[in-house]
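What follows is each chain in one-letter form.
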Amino acid sequence: MTTDIDTLATALYVRTDDLLKDAPHLAPWRPKVGLQPVLTDAELVTLAVIQALLGFTSEARWLRHARAHLGHLFRYLPGQSGYNKRLRNAAGLVKAVIRLLAVDTTLWTDDVWLVDSTPVECGRSRETAKRSDLAGWAQYGYCASHSRFFWGLRLHLVCTPGGLPVAFALAGAKADERTTLLDILDTDPALIADRPGQTLVADRHYYGREFEHALATAGVELLRPARKGEAERPGGRLFKPLRQVIESINQTFKAQLDLERHGGRTKPGVIVRVLQRVLALTAAIWHNDHTDQPVKRSLTAYDH
């Protein structure tokens, strides 16, 4: 019997395979001479998304489960080291598929964006912080939402109120949120150029005359709560419900997609595992949108 996860996997595989046929340069580089992988790149991307949706943080456990239960979807599964290596090399492809699916939804043209950052913890012990390959990129930071310190990174996310990731960046825990947001928009200028009059809803940490001038110059209207000593700002009635929305989206990443249990130990490893989870959410929203589901961000149909 076909399940929702099977249907999503099939649709994602076909979409990714079509992308690679139209843009073969997006495939990870490999020598022209030698053995070619049995698991295709489109199957690899699909396998990674199902792993995230089913909540397997251990690649060894995931591959054992896949061999036992997903033989009807994948004719061949690599070993753990092969899967890990190929997934790291496929980061560029994963990022391309995220954008491909996001654009192919009705949520993509939403004229309101939400922006926030959320912790991506990478270790807890002092020895980890000193000896990890992530040292120098990962930093100690503070999460005000949960009143805790952590060592790691932050995922900076621009998304629609429906939870669709529009743009994102992974930066050190101490990276300035305003600078990171401007860098995100500068890296992909078409995002703003194609959306005159876009509204961006942020918390009170996104402030500053130069920062707001840069957004206004780009044609973005910033709505944020007033800081202490400031006059009341427009859009105040929107902040509380929209703040709950962005917290709910962050919670989807953390509780359902195990963002902080990514298991990455190197920079490429962390990057692709975060991308894996962004793609999983995007793929679920894309499939829910195309199948006319009432709640686009729901992962319930795919987590079992």
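Scroll up to find the structure this text is about.
Reading the values: rules and limits
- Residues numbered from 1 in each chain as written.
- Predicted model: local features only at pLDDT ≥ 70, side-chain atom pairs only at ≥ 80, totals over all residues.
- Heavy atoms only, no water.
- Helix = DSSP H or I, 4+ residues; strand = E, 2+ residues; numbered from the N terminus.
- Expected span 1.5 Å × (residues − 1).
- Buried < 20%, exposed > 50% of the residue type's maximum accessible area, 1.4 Å probe, protein only.
- Core = buried A, V, L, I, M, F, W, Y, C linked by side-chain atoms within 4.5 Å.
- Contact = heavy atoms within 4.5 Å.
- Phe/Tyr/Trp six-rings, centres within 6.5 Å; stacked < 30°, edge-to-face > 60°.
- Lys NZ or Arg CZ within 6 Å of the ring centre and 35° of its normal.
- Salt bridge = Lys/Arg side-chain N within 4 Å of Asp/Glu carboxyl O.

Focus: helix α11 (residues 267-290)
Right, on to step 1. An ideal rise of 1.5 Å per residue puts 34 Å on 24 residues; α11 measures up with 34 Å between its terminal C-alpha atoms.
Right, on to step 2. Among the 24 residues in α11, 20 count as buried, and that is most of the element.
Right, on to step 3. Count one or two residues on from α11 and you reach Asp 292, which has phi positive near 60 degrees.

Here's the deal with the nonpolar core
Right, on to step 1. In terms of nonpolar packing, the biggest core is built from 92 residues, with Leu 47, Leu 53 and Trp 62 touching the most fellow members.
Right, on to step 2. When near neighbours in sequence (up to four residues on either side) are disregarded, Leu 53 contacts Ile 5, Leu 8, Leu 257, Ala 280, Leu 299, Tyr 302 and Asp 303.

Examining the environment of Ala 11
Right, on to step 1. Residue placement: Ala 11 occurs in helix α1 (residues 4-22).
Right, on to step 2. By relative accessible area, which is 25% here, Ala 11 ends up partly exposed.
Right, on to step 3. With 276 residues separating them along the chain, Ala 11 and His 287 place their C-alpha atoms 8.0 Å apart.
Right, on to step 4. Setting aside residues no more than four positions away along its own chain, Ala 11 makes contact with Trp 286 and His 287.

Some words on the packing of aromatic side chains
Right, on to step 1. Using the criterion set out here, one finds 3 aromatic pairs in the structure.
Right, on to step 2. Here Tyr 142 and Phe 149 contribute two aromatic rings whose centre-to-centre distance is 4.8 Å and whose plane-to-plane angle is 55 degrees, an arrangement assigned as tilted.
Right, on to step 3. You can call Phe 149 exposed: its relative accessible area is 67%.
Right, on to step 4. Between Tyr 206 and Phe 211, the aromatic rings sit 6.3 Å apart at their centres with planes inclined by 40 degrees, giving tilted as the arrangement. Accessibility classification places Tyr 206 together with Phe 211 in one group, the buried group.
Right, on to step 5. Directly above the ring of Tyr 207 sits Arg 227, whose terminal nitrogen or CZ lies 3.7 Å from the centroid.

A short note on the pattern of salt bridges
Right, on to step 1. According to the stated counting rule, one finds 19 salt bridges in the structure shown.
Right, on to step 2. Arg 148 is the salt-bridge partner of Glu 260, the closest N and O atoms lying 2.9 Å from each other. Of this pair, Glu 260 sits in the loop between α10 (236-256) and α11 while Arg 148 sits in strand β3 (residues 148-159), placing them 112 residues apart in sequence.
Right, on to step 3. Looking at Arg 148, the relative accessible area reads 22%, which means it is partly exposed.
Right, on to step 4. We note a salt bridge from Asp 176 to Arg 178, for which the minimum N-O separation is 3.0 Å.
Right, on to step 5. Classification of Arg 178 by relative accessible area gives partly exposed; the value is 21%.
Right, on to step 6. Members of the salt-bridge network, linked through shared partners, are Glu 121, Arg 124, Arg 148, Lys 254 and Glu 260.

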